[in-house]
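Survey of secondary and tertiary structure
The lines below spell out each chain.
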Amino acid sequence: MADEIINKGPDGSIGDQAEMLRDVGKYQKWIKAAEKAKRHYNKWARSGNDAYRGYKDEKEGNELVANEQTKDAVLKYEVNFIRQPIDRQIAKTYARNPKFIAKPTQPIWVDAGPIQQQDPMTGQVFLMPQVNPQTGMPLQNDISEQVCDVVEALMEVEFKAANFKAEAKACTREAHHSPASIMQIGYQFNDQTGKDEIYFRRRPFKDFIIDPCAEIYEGVVRRCRYMGLKWHLTRDEAEALSMNWGAISREDNLAVKGEDDYDTKAEVYQIWDKQSGVVVWIPSNGKEYAKEPQPWPWKIDGFPFEILKFTEDTDQQFSKPLVLAALPIQEELSIQREEITAHTTFSRPFTVYDPAIVDEDKMTAISRRGKGANVPINGLIGMPNSPIRREADG
């Protein structure tokens, strides 16, 4: 099937250049359509990430626009009322490792083991096969429960080695401040052990694309032709994956421009095409693949991604994250805290002083107070009272 899609000739080369160009153009249209449909959701993800970390967002109309995180522009909340309960909830949820339970779906029959018997004449012990007395056939036992016990033990070891708990915590955390979080499930060859190993990886929501026509409800994906990931790769990383660096290093594909190819990062997409059953590495611009399409490496019904969402809207792929929905509460609590702090500060006695004998910085250092606790008044030095004195409010 993959050979039909990429139209290879008998010698293994691509036989029809025009067909290849059409396929490349199709995948690039898919990329542009997915990125365009997801642009608004990515804005929510940036704003939710800033709110979770404590950055204040500026409002433009009715939308939240994330600040450029520079030293001069960033403003943080004094107390992050949103992050604290989320962190506590995640820590409590993952305080213990998950328990894996395997249940048999059908019996597994095997011949029963032989039993020891003793010859009454010679006294010699020998093994005798167990036979069903009614049928005369070898007796069989159902070992499905024992097999499930072994599977449970193996999964515990495998998931621990694959850092599943750490990746799951990261997914849960991101799902609070992004429209969704993405877990990729796959396997890779370990050169040291010489075996295939399962892996679980959280992939950033901003780097994930999906068919705009797909429906996602409660983690179930329907009517989806493709999913994909966006990667920024150096030349070494691309060549390690057997990619054509020349195909992805065009000027309009560069994500990071370095001094040479080994500092430069090119943008390339990895597309899982369910219709054709191939995995494609392709840049968003150009006329050739970064790597020839390959058949899916394993047989699965769906895609190798799990999508975790904590909010659902009817007829929408993704919804505004929980953190943005709770942002007005953060704003209100911050205002209340500032008002309480200001009221407490200004209800204390204050000090009046003549700035002619001591400047403001020195007065603040002496009194160890700020925010209006020291009031400069010119001319106090000529009055009979002390030019530096404390007054009670009201």
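Up top is the structure these notes are about.
Residues numbered from 1 in each chain as written. Predicted model: local features only at pLDDT ≥ 70, side-chain atom pairs only at ≥ 80, totals over all residues. Heavy atoms only, no water.

A separate point is the packing of aromatic side chains. Taken as a whole and judged by the stated rule, the model has 11 aromatic pairs. For the ring pair Y41 and F318, a centre distance of 5.3 Å and an interplane angle of 75 degrees mean the geometry is edge-to-face. Here Y41, found in helix 2 (residues 17–53), pairs with F318, found in the loop between strand 17 (305–308) and helix 8 (322–325); they are 277 residues apart in sequence, far enough to count as distant. Taking relative accessible area as the criterion, Y41 reaches 10% and is therefore assigned buried. Residue class for F318 comes out buried when judged on its relative accessible area of 1%. Ring plane angle 85 degrees and centroid distance 5.1 Å describe the contact between F205 and F318, whose orientation is recorded as edge-to-face. (Phe/Tyr/Trp six-rings, centres within 6.5 Å; stacked < 30°, edge-to-face > 60°. Helix = DSSP H or I, 4+ residues; strand = E, 2+ residues; numbered from the N terminus. Buried < 20%, exposed > 50% of the residue type's maximum accessible area, 1.4 Å probe, protein only.)

Turning our attention to the nonpolar core. Formed by 33 residues in total, the largest nonpolar core has its most connected members in F208, I210, M227, F305, I307 and F318. Elements that contribute at least two residues to this core include exactly helix 2, helix 3 (83–93), helix 5 (164–177), strand 7 (181–190), strand 9 (208–210), strand 12 (226–233), strand 17 and helix 8. The element contributing the most residues to this core is helix 2, with 5 residues. In contact with M227, other than residues within four places in its own chain, are F208, I209, I210, V221, Q270, I271, W272, F303, F305 and I307. Grouped together as the second largest cluster of nonpolar side chains are 14 residues, W30, I31, A34 and V280 included. (Core = buried A, V, L, I, M, F, W, Y, C linked by side-chain atoms within 4.5 Å. Contact = heavy atoms within 4.5 Å.)

Here we take up the environment of Y55. Counting through the fold element by element, Y55 comes out in the loop between helix 2 and strand 1 (58–60). Note on Y55: relative accessible area 11%, which makes it buried. On a C-alpha basis, the gap between Y55 and N80 in space is 9.3 Å, while along the polypeptide they are 25 residues apart.

A side chain of one charge can pair with a side chain of the opposite charge when the charged atoms of the two come close. Applying the stated rule across the entire model yields 11 salt bridges. Where D207 meets K206, a salt bridge forms, and the shortest distance between an N and an O atom there is 3.4 Å. On the basis of relative accessible area, D207 is assigned to the buried category, the value being 15%. Across the pair K257 and E251 runs a salt bridge, and its minimum N-O distance is 2.3 Å. (Salt bridge = Lys/Arg side-chain N within 4 Å of Asp/Glu carboxyl O.)

As a further point, take helix 5. Residue pairs three or four apart in sequence face the same way in an α-helix, which turns once every 3.6 residues. With 14 residues, helix 5 ought to run about 20 Å at 1.5 Å a step, and its terminal C-alpha atoms sit 21 Å apart, in line with that. Residues E167, A168, C171, T172, E174, A175, H176 and H177 constitute the buried set of helix 5. (Expected span 1.5 Å × (residues − 1).)

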